[in-house]
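Reading the structure
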Amino acid sequence: MKALDVKIPKAPYTIHIDNWNLDLAKDIIQKHCQEEKLYIITNTTVKKLYQKKLRPLFSPNLKAIWITIPDGERYKRLSSCEKIHEELILKKANRSSLILALGGGVVGDIAGFVAATYMRGIAYIQMPTTLLAQVDSSVGGKTGVDLKAGKNLVGAFYQPKAVIVLTRFLKTLPKKEIINGLAEVIKYALIADNHIFYYLDTHYENIFKHDTQTLDKIIHLCLSIKANIVAKDEKENDQRALLNFGHSIGHAIELLKNYKNIKHGEAVAMGMVYASELSSSLGFLAKNDLLAIKLLITKMGLVTAWPSFTKTAYKIALLKDKKAQDENIRFICLTKIGKAHIEDLSLNTILQCLKR
Ligand code: NAD
Ligand code: GLY
């Protein structure tokens, strides 16, 4: 078992990483649970796969109360939160209750937001079950839902009491979802650690084989970077923005595709290639690095070409993103593999690479 501390000044917590240590998970849950029941928020897919397997977590002293939502990004909406709030009331959750967010990024974002808002805020623990959630979304306390106008436009920064990462969950994850999560791994490699980049290049096949050591190492490296950044800048006033590398264009692509037939990671991969192209064209990134990035992204099974919507469509979509400030956007550029920086760029500058 590995532990990583997230040293956010007013809300510190620990990330626990293990293959499948349910005894440890039970201890952590019990430490934070003030009553004899735990409210598990999950989706239909995860519940079906794991309700029985997670039985050892519970006992007569700790009962599981399951609250289930349908599977999919399109349910990451306020309407789902309201249904969960009502169910929490019916199931007698109070201000001392504890929520377990059991699922991928969608469940994690929703359950975190429900925890932030139910009775003005109750405690929750993240137990991520996808690669994307295990390397990224379960840590840092960004919770929220989408609006028709765009992704994650309603939400709160609300930190969990603990994060329990059990890598065996990934055994049932379809390959497409592993690839989706790899996009965020590549993000960490590009913005902060070229060692991850070269390690991925040589070990990615182990990830598809669910090799525990490789997964453990990758997850630990990514979460160390995230823990370090969010501890210094919880509310994204400065350095945390680096974690949005590839996301401005990525979110625009998701919005333009109406969140259909595209995974978050797939869109982020296209966004990272775009941001690397732009960084190269602005003279920040060497051509060799750009080529290496495109090669690795392709090798991982991700697509590098962004969809050919018009410049106006991209402009409108970019302006809907939270990061847009008038006509300028705080855009994350790459300096080299393993280092990124923030640039305040006009939409016209950003969109100059669209035709490539
Ligand atoms: P997801 O939550 O939709 O999960 C992907 C699919 O895998 C779903 O069908 C899910 O039911 C299934 N699944 C989950 N665990 C499984 C398991 N162990 N075995 C088999 N199937 C399983 O998608 P995701 O990629 O995990 O998360 C994407 C979401 O995360 C987006 O909404 C994105 O905005 C958000 N996100 C949030 C942050 C943050 O910091 N809060 C960061 C990055 C992404
Ligand atoms: N995934 C971006 C962030 O947590 O800030």
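Heads up: the structure comes first, above all this text.
To start, this report covers the structure provided alongside it.

The rules behind these values
Residues numbered from 1 in each chain as written. Chains lettered and ligands numbered in written order. Predicted model: local features only at pLDDT ≥ 70, side-chain atom pairs only at ≥ 80, totals over all residues. Heavy atoms only, no water. Pairing = 2+ DSSP bridges. Helix = DSSP H or I, 4+ residues; strand = E, 2+ residues; numbered from the N terminus. Axes fitted to C-alpha atoms, helices over the stretch in contact; angles between N-to-C directions. Buried < 20%, exposed > 50% of the residue type's maximum accessible area, 1.4 Å probe, protein only. Near = heavy atom within 4 Å. Polar contact = N/O pair within 3.5 Å; in protein donor to acceptor, adjacent residues only side chain to side chain. Areas by Shrake-Rupley, 256 points an atom, 1.4 Å probe, with all protein chains shown as cover. Nonpolar A, V, L, I, M, F, W, Y, C, P; charged D, E, K, R; others polar.

1. Focus: the sheet that holds strand S5 (residues 98-103)
With mixed pairing, the 7 strands of this open sheet are ordered in space as S1-S2-S9-S6-S5-S3-S4. With one partner strand each, in any of the chains shown, strand S1 (2-6) and strand S4 (63-69) form the two edges of the open sheet. Averaged over neighbouring strand pairs, the angle between their axes works out to 20° when direction is ignored. In this sheet, strand S2 (residues 13-18) lies alongside S1 in antiparallel orientation, the contact comprising 5 bridges.

2. A look at the pairing of strand S3 (residues 37-43)
Most of S3 is tucked away, with 6 of its 7 residues classed as buried. Alignment of S3 against S4, held across 7 bridges, turns out to be parallel. Looking at the pairing, Thr 42 lines up with Thr 68 of S4. In the sheet, S3 pairs with S5 via 3 bridges, with the strands oriented parallel. From the neighbouring strand, Ile 40 faces S5, where its bridge partner is Leu 100.

3. A word on the site of ligand 2
The full set of residues close to ligand 2 is Asp 136, Lys 142, Lys 187, Lys 226, Arg 240, Leu 243 and Asn 244. Here an oxygen atom of ligand 2 sits 2.9 Å away from a polar atom, N or O, in the side chain of Lys 142. Note that an oxygen atom of ligand 2 is positioned 2.8 Å from one of the side-chain N or O atoms of Arg 240. Contact with the protein chains removes 88% of the 200 Å² of surface that ligand 2 exposes when unbound. By residue class, the composition of the shell around ligand 2 is 1 nonpolar, 1 polar and 5 charged.

Everything listed is a geometric property; what it means functionally is a separate question.
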